[in-house]
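Fold and contact review
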Amino acid sequence: LLLQYRSGGVTPGDRYLWLLDENGRPRAWRMWVSIIPIGGLEASWEGWTRLSTGALVATRHQMGPKRMELRDVAGAETLAALVPGADPFAALTR
C-alpha cells in the first residue's frame, strides 16, 4: 500500500510504502519524506502487543542504525481512564 499526502501537515508530497506480513499486519514501511534526505528509508514494525482495549501496537522499530522501543504501553476506552486529572490536550481546543 503506497500512501502519498498531497496537502496538510508539514510535509505535503511525502510518501509511505507499507510492507505487510502474511497476516496483513505492517512489518515495515519505506518512506520518501522531505525532512530525510535518504529516499526509501525503511523502518520496521516489530514486537506486537495487544492492549487491554484489543488494539495491536508495535513496540519496536528499527530505522537504519537507530532502534526505538516503547515500554509501559497502555490503552483505555477514554483519555480520562488512562490519564487521571486534567485533560493535557484541552489547551489545544481553545
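These lines cover the structure that appears in this document, whether it is placed above or below.

About the thresholds
- Residues numbered from 1 in each chain as written.
- Predicted model: local features only at pLDDT ≥ 70, side-chain atom pairs only at ≥ 80, totals over all residues.
- Heavy atoms only, no water.
- Helix = DSSP H or I, 4+ residues; strand = E, 2+ residues; numbered from the N terminus.
- Buried < 20%, exposed > 50% of the residue type's maximum accessible area, 1.4 Å probe, protein only.
- Polar contact = N/O pair within 3.5 Å; in protein donor to acceptor, adjacent residues only side chain to side chain.
- Core = buried A, V, L, I, M, F, W, Y, C linked by side-chain atoms within 4.5 Å.
- Contact = heavy atoms within 4.5 Å.
- Phe/Tyr/Trp six-rings, centres within 6.5 Å; stacked < 30°, edge-to-face > 60°.
- Lys NZ or Arg CZ within 6 Å of the ring centre and 35° of its normal.

Digging into the side chain of Thr-59
Here Thr-59 shows up in strand E6 (residues 56-63). Looking at Thr-59, the relative accessible area reads 11%, which means it is buried. A polar side-chain atom of Thr-59 sits 2.6 Å from the main-chain carbonyl oxygen of Gly-47.

Structural notes on the nonpolar core
One finds Tyr-16, Trp-18, Trp-29, Met-31, Val-33, Leu-41 and Ala-43 forming the largest nonpolar core, which totals seven residues. Those residues within four positions of Met-31 in sequence are excluded, and the remaining contacts are Arg-15, Tyr-16, Ile-36, Ile-38, Gly-39, Gly-40, Leu-41, Ala-43 and Met-63.

Structural notes on the environment of Arg-60
The residue Arg-60 is located in strand E6 in this model. Sequence spacing of Arg-60 and Leu-70 is ten residues, and the spatial spacing of their C-alpha atoms is 6.4 Å.

Description of the packing of aromatic side chains
For any pair of aromatic rings, the description rests on two quantities: the centre-to-centre distance and the angle between the ring planes. By the definition in use, this model includes six aromatic pairs. Relative to Trp-45, the ring of Trp-18 has its centre 5.1 Å away and its plane inclined at 65°; by these criteria the two rings are edge-to-face. Taken together, the residues Trp-18 in strand E2 (residues 15-20) and Trp-45 in the loop between strand E4 (41-44) and strand E5 (46-50) connect sequence positions 27 residues apart. In textbook terms, an aromatic cluster arises when at least three aromatic residues are bridged by ring pairs, as seen for Tyr-5, Tyr-16, Trp-18, Trp-29, Trp-45 and Trp-48. One residue, Arg-25, lies across the ring of Trp-48, its end atom 5.3 Å from the ring centre.

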